[in-house]
Amino acid sequence: MTAATVSPNTQTGTARPWLTAAIVWALLLTVPFWLPMLGGYTALAARVLVFGLAAMSFNLLLGFTGVMSFGHAAYFGLGAYGAGLTLKYIAASTPLAILAGILLGGLAGTLFGLFIVRRRGVYFAMVTVAFGQIAFYVAYSWDSLTGGYDGLRGFSRAPLHLGPLTLDIVNNDKIFYYFLLAVFAIATGLQGLLLASPFGRTLLAIRENERRARFLGIPVERHIWMSFSISCCFTALAGALYALLNNFADPMGLHYSLSGEIVIMAVMGGMRAFWGPLAGAALFVILQDTISSMTVNWMSFVGLIFVLVVLFFPRGMLGIFQKGTGK
Amino acid sequence: MTMLDIRNVTKRFGSLVAVNDVSMRVEAGELRAIIGPNGAGKTTFFNMISGFFAPSAGDIVFGGTTVTKLAVTERVAMGMARTFQITEIFPELTVRENIRIGVESALGFRQRFWLGKRQVAGVDRGIEEALTHTGLTGQADRLVGELSHGDQRAAEIATALTLKPRLLLLDEPTAGMGEHETYAVANLIRRLHKNSAYTIVLIEHDMRVVFNLADKITVLGEGKMLAEGTPAEIAGNPVVQEAYLGKAE
């Protein structure tokens, strides 16, 4: 059995990991066909993919390393600015924009991570919030570069050239959706491989029992740092995709309220289940879309649903299908 | 050959002297028991050996190398493994996954993102070995958190053994166990010592276990070394009887 044949879910005790994955992919691949019939629109599904990827990336830390970051919007927002600034000032290339976004958010997370890996629990969460707010105020104040409060405008995603083939991801929202889905597939595929690898198992070990991990020779701080860095890279990728989706980046993409929303998505969907955060993001985005058209206080309804899920399904939506020691 | 040489080790916490100028030599292949009443400094002593914290004074030499100030992971890499009074395992993972993490760490795969077929086969062999060694084969695919107290302890020992340690430190291996479980764990330790020639240092409260298993016994009291010797010598030692055994019975 090679690493690839071991789904990460087998380690978290999901009854049928392949069934869950099959359902998820069947739904994602067919979204543009059935969503309009239910009164949705393709851009809504695109938002689910983007926030789903952000929440799953965040969950590498919370669900699979046992570390709580409350500032992941920082890396999401930096990813968005990295992509937007590249398209606006450097080159009209979508792949380059994505790469720049990953680099900006990923590097920021990697450097910042060096200073915080010795902190635990509340202290870790608080310094991550603090860094997020620093990033927010930089973007907010640096008017000449970022457009300040109004956000960064005046850029647009560029068509994709694959050899002789040109994909019009600019005007055709279905093609853009499938482009996002392809990136999403690569990213989550890599995350799955990561969690099924020996390195991934050391992260589970740290989550389960830091002391035992250390006494098995695992350098806990270094591995938390690596996990943080990887998580930030993927979150930045989600942010870059968000900038491409909206042709826009703004400081609210760095704000701690978004960090909180990412946490809610992951916990609501099930942080011990590989696909849990995606389910949480789907519910969140759909609720936001439907309720916000009725009332500006949509967040209080989302909050209520979050409380109900946590009270009655502490393992989240997908956690219902998991076995565990009932902790 | 001396496996562990502890030279005049002292540990102070503020004004409290938890361990006071204790020396101990453990030979390779020996099973040493450390006993003493509560508050004698046994666990503090253990924590210094395994690297939880450094002593305030004195030196710890392991396999000929001074390790006094080395970190836990560095001592682990040199072949020191430890279990705890309150079992420290990965409760929401299966027995097999618990052991797999240890085997992969011991084989130096900690930071690998991919393993080849041959490496995976090597890991699987290590897991089977640890399972048979500790009699856990039948429980391999159960979550450790669901096992009985005794089997959880066996799983912890199995995980520690994956490191192929030159020195195995067991902090109260039978703590909180019933008659039957105590017997099973004691038997496991005896097998490891007699059949596999592990060097073992253990802290233990159950005197039957201690006197049945140990080659030599070190008695601590109020942070100081009270006595050291074979089980027969310790049983006949009036100082020990007064300070410890007399009270316990």
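### Points about the sheet that holds strand β1 (residues 2-13) of chain B
All names here are of chain B.
Right, so step 1: As summarised here, the arrangement of the four strands in space is β2-β1-β4-β5, forming an open sheet in which the pairing is antiparallel. Of all strands in the sheet, those bounded by a partner on one side alone are β2 (16-27) and β5 (65-66).
Right, so step 2: Looking at chain direction, β1 and β2 are connected through eight bridges and run antiparallel. Its bridge partner being in β2, R12 is matched across the sheet by V17.

### Here we look at unusual backbone geometry
Residues and elements named next belong to chain B.
Right, so step 1: Here the phi dihedral of K164 falls at roughly 45 degrees; this positive angle occurs in a residue that is not glycine.
Right, so step 2: Tracing the backbone shows K164 in the loop between α5 (149-161) and β7 (167-171).
Right, so step 3: Of note, the phi angle at E222 is positive, near 50 degrees, even though the residue is not glycine.
Right, so step 4: With respect to the helices and strands, the residue E222 is situated in the loop between β9 (216-221) and β10 (224-229).

### Here we look at the interface of chain B and chain A
Interface size is often expressed as the accessible area that is lost when the parts come together.
Right, so step 1: Contacts between the two partners involve 31 residues from chain B and, on the opposite side, 26 residues from chain A.
Right, so step 2: Broken down by class, the residue content of the side of chain B that touches chain A amounts to 15 nonpolar, six polar and 10 charged.

### Some points on helix α4 (residues 117-134) of chain B
All names here are of chain B.
Right, so step 1: For α4, which comprises 18 residues, the first-to-last C-alpha distance of 26 Å matches the rise-based estimate of 26 Å (1.5 Å per residue) to within 8%.
Right, so step 2: Within α4, the full set of buried residues consists of V123, G126, I127, A130 and T134. Down the axis of α4, the buried set is contained in an arc of 100 degrees. They therefore lie on one face. When the buried face of α4 is taken as reference, the exposed residues oriented beyond 90 degrees from it are K117, R118, A121, R125 and T132.
Right, so step 3: Lining the buried residues of α4 we find α3 (95-106), α5 and α6 (179-194).
Right, so step 4: Directly after α4, the chain includes G135, whose backbone phi takes a positive value near 70 degrees.

### Looking at the pairing of β7(B)
Residue and element names in this part refer to chain B.
Right, so step 1: Across the five residues that make up β7, a large majority, five, are buried.
Right, so step 2: Side-chain alternation along β7 places L167, L169 and D171 on one buried face and L168 and L170 on a second face that is also buried.
Right, so step 3: As paired elements, β7 and strand β8 (residues 199-203) share five bridges and run parallel to each other. Each bridged residue has a counterpart across the sheet, and for L167 the counterpart in β8 is T199.
Right, so step 4: In terms of handedness, the path from β7 via α6 over to β8 forms a crossover that is right-handed.

Criteria and thresholds
Residues numbered from 1 in each chain as written. Chains lettered and ligands numbered in written order. Predicted model: local features only at pLDDT ≥ 70, side-chain atom pairs only at ≥ 80, totals over all residues. Pairing = 2+ DSSP bridges. Helix = DSSP H or I, 4+ residues; strand = E, 2+ residues; numbered from the N terminus. Contact = placed C-beta atoms within 7 Å. Nonpolar A, V, L, I, M, F, W, Y, C, P; charged D, E, K, R; others polar. Expected span 1.5 Å × (residues − 1). Buried ≥ 20, exposed ≤ 12 C-beta atoms within 10 Å, placed from the backbone. Arc of directions from axis to C-beta. Right-handed = clockwise from strand over helix to strand, strands pointing away.

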